[in-house]
Amino acid sequence: MALNIRPLSDRVLVEPAAAETKTASGIFIPDTAKEKPQKGTVVAVGNGTKDHTMTVKVGDSVLYGKYAGTELKLEGKDYLIMREDDILAII
């Protein structure tokens, strides 16, 4: 299902990965102790600026800073919109 949103300039729309519910040793993490995910999938990409071409593409898995971007909710799902400079790495 395609979203009806197109980021402007050097902005990127990212769908965050689900937060971990269980540790590697099998302990369940309560909702109050879960950390914000720092990994997600690029859903939409802006056109870039005249000085900056976009490096990420739709479908890329990316790592971003813990407090990067602005949270928004579209069609019942949570997304983050951020500048491409806030993305740390492509996985």
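For clarity, every value in this text was computed on a predicted model and none was experimentally measured.

Rules used throughout
- Residues numbered from 1 in each chain as written.
- Predicted model: local features only at pLDDT ≥ 70, side-chain atom pairs only at ≥ 80, totals over all residues.
- Heavy atoms only, no water.
- Pairing = 2+ DSSP bridges.
- Helix = DSSP H or I, 4+ residues; strand = E, 2+ residues; numbered from the N terminus.
- Polar contact = N/O pair within 3.5 Å; in protein donor to acceptor, adjacent residues only side chain to side chain.
- Contact = heavy atoms within 4.5 Å.
- Buried < 20%, exposed > 50% of the residue type's maximum accessible area, 1.4 Å probe, protein only.
- Axes fitted to C-alpha atoms, helices over the stretch in contact; angles between N-to-C directions.

Description of the pairing of strand 4 (residues 70-74)
- In terms of strand pairing, strand 4 meets strand 5 (residues 77-83) through five bridges, oriented antiparallel. Across the sheet, the residue bridging to threonine 70 is isoleucine 81, located in strand 5.
- Here strand 4 folds back onto strand 5 in antiparallel fashion, the turn holding two residues, of which glutamate 75 has a positive phi close to 50°.

A short note on the side chain of aspartate 10
- With respect to the helices and strands, aspartate 10 occurs in the segment before strand 1 (11-16).
- Within the structure, aspartate 10 has its side chain in polar contact with the side chain of arginine 83 (distance 2.7 Å).
- Ignoring anything within four residues of it in the chain, the contact list for aspartate 10 reads Gly48, Thr49, His52, Met54, Met82, Arg83 and Glu84.

Describing unusual backbone geometry
- In this structure, serine 9 takes a positive phi of about 55° despite not being glycine.
- Judged by relative accessible area, serine 9 falls into the partly exposed class, the value being 32%.
- With a phi close to 50°, glutamate 75 is a non-glycine residue in the positive phi region.
- Turning to its location among the elements, glutamate 75 is positioned in the loop between strand 4 and strand 5.

Considering the sheet that holds strand 4
- Ordered by their spatial adjacency, six strands build an open sheet running 4-5-1-2-3-6, and the pairing between neighbours is antiparallel. The open sheet is flanked by strand 4 and strand 6 (87-90), the only strands paired with a single partner. When strand polarity is set aside, the average angle formed by the axes of neighbouring strands in this sheet is 45°.
- Sheet topology note: the strand 3 (residues 61-64)/strand 6 ladder contains three bridges and is antiparallel. For leucine 63, the partnering residue across the bridge sits in strand 6 and is alanine 89.

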